[in-house]
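What the coordinates show
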Amino acid sequence: MASRVLQRVATGLHRTRTGLQANVPVAVTSRGLSGFKSLFVRKVDPRKDAHSHLLAKKEDNNLYKIQFHNVKPECLDAYNELCETVLPSIHADPEYPCELVGTWNTWYGEQDQAVHLWRYRGGYPALTEVMNKLRQNKAFMNYRDERGKMLLSRRNQLLLEFSFWNEPIPRPGPNIYELRSYQLRPGTMIEWGNYWARAIEIRQQNQEAVGGFFSQIGSLYQVHHLWAYKDLQSREEVRNAAWQRDGWDEVVYYTVPLIQHMESRIMIPMKTSPMK
């Protein structure tokens, strides 16, 4: 009896091995698969609300737009002069419910690039109002025409602000700014926010945290953290000091697996940027 059982087991193993070598599918019970899958599938708690409602500030209803303009190298100086002539006038005009938070050139990262960050107080209705008014603004339309001759490409995103970050405000200078952009795995934004709600307390001690945002339109599940430093050496010292504080190593350990791609830009403010 025992010999028959052993013979059947050996025959079954041989058939399975042969099937695998011949790329023939082997039947596996659903009960066996469920245990196997549980080793690799990350369980996500069901949500009854959008992550934008859970993570964004509710009291001010601000919407942000970030613009990335890749400029022809030979046109960068002319482009900067054009922006410095037109953009501050929109920022200062009370008829437009928007503010120029900051405007920069990339120093390290993508070269010959300009980055502009706008805030629309009142959310999407304010954005729509500004866009409609700008279409009637001849100076702005001329600016767009001239700008188009200088650009290689451009893209933008609409962003919301994390509730646990400070609202970005004008800063005296001189400073350099770092824009760290993270492409997260879909479904991990809440988890990211939970960890950074604690982490920001660690990184606020030197007042280097400027603003934290997550995308709503454009590239999705993308996070932008904006930091200010006196210079590159100061940046190095501040970032190294964070590792000496309790909790920072844990934040890094648990948030790195959430990231698909990350990028850092070191940026220099333009002359008329509210952030110096």
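The rules behind each value
- Residues numbered from 1 in each chain as written.
- Predicted model: local features only at pLDDT ≥ 70, side-chain atom pairs only at ≥ 80, totals over all residues.
- Heavy atoms only, no water.
- Axes fitted to C-alpha atoms, helices over the stretch in contact; angles between N-to-C directions.
- Helix = DSSP H or I, 4+ residues; strand = E, 2+ residues; numbered from the N terminus.
- Parallel < 35°, antiparallel > 145°, perpendicular 65-115°, else oblique.
- Left-handed = near helix turned anticlockwise from the far one by under 90°.
- Contact = heavy atoms within 4.5 Å.
- Nonpolar A, V, L, I, M, F, W, Y, C, P; charged D, E, K, R; others polar.
- Patch = residues over 30% accessible without salt bridge, like charges linked within 9 Å, V, L, I, M, F, W, Y side chains within 5 Å.
- Areas by Shrake-Rupley, 256 points an atom, 1.4 Å probe, with all protein chains shown as cover.
- Salt bridge = Lys/Arg side-chain N within 4 Å of Asp/Glu carboxyl O.
- Buried < 20%, exposed > 50% of the residue type's maximum accessible area, 1.4 Å probe, protein only.
- 1 Å grid on protein atoms, 1.4 Å probe; cavity = no way out; pocket = protein on both sides within 12 Å on 5 of 7 lines; lining within 4 Å.
- Points joined across faces, edges and corners; volume = space filled by probe spheres on them.
- Pairing = 2+ DSSP bridges.

Some points on the packing of helix H4 (residues 76-92) against helix H6 (residues 138-150)
Their axes nearest at 11 Å, the elements H4 and H6 cross at an angle of 155°. Taken together, H4 and H6 sit at an angle that is classed as roughly antiparallel. Where H4 crosses over H6, the handedness of that crossing is left-handed. From H4, Ala78, Tyr79, Leu82, Cys83, Val86, Leu87 and Ile90 reach across to H6, where they touch Phe140, Tyr143, Glu146, Arg147 and Met150. Counted by class, the contact of H4 with H6 contains 10 nonpolar, no polar and 2 charged residues.

Let's talk about a nonpolar patch on the surface
A contiguous nonpolar surface patch, about 360 Å² in accessible area, is contributed by Trp107, Tyr108, Leu232 and Ile268. By secondary structure assignment, the location of Tyr108 is in strand S2 (residues 98-108). Tyr108 sits in the partly exposed class, given a relative accessible area of 45%.

Looking at empty space enclosed by the protein
Counted under the stated rule, the structure contains 1 cavity of 30 Å³ or more. Lining the largest cavity are Ile66, Trp104, Val115, Leu117, Leu159, Leu179, Phe213, His224, Leu226 and Met267. Looking at the lining of the largest cavity, the elements that each hand over two or more residues are strand S3 (113-121) and strand S7 (222-229). Class assignment of the residues belonging to the lining of the largest cavity gives a composition of 9 nonpolar, 1 polar and no charged.

Quick look at the pairing of strand S8 (residues 259-269)
Here S2 runs beside S8; their pairing, made up of 4 bridges, is antiparallel. Across the sheet, Asn105 pairs through a bridge with Ile268, a residue of S8. Relative to S8, strand S5 (residues 176-184) runs antiparallel, the two being bridged by 8 bridges. Directly across from Ser181, in S8, lies its bridge partner Glu263.

So, the packing of helix H7 (residues 189-203) against helix H9 (residues 248-255)
Between H7 and H9, the least distance of the axes is 10 Å, while the angle of their chain directions is 150°. The orientation of H7 with respect to H9, classified from their angle, is roughly antiparallel. Note on packing geometry: the crossing formed by H7 with H9 is left-handed. Between H7, through Trp192, Tyr195, Trp196, Ala199, Ile202 and Arg203, and H9, the contact on the second element is made entirely by Trp248, Val251, Tyr254 and Thr255. Looking at the contact of H7 with H9 residue by residue, the class counts come to 8 nonpolar, 1 polar and 1 charged.

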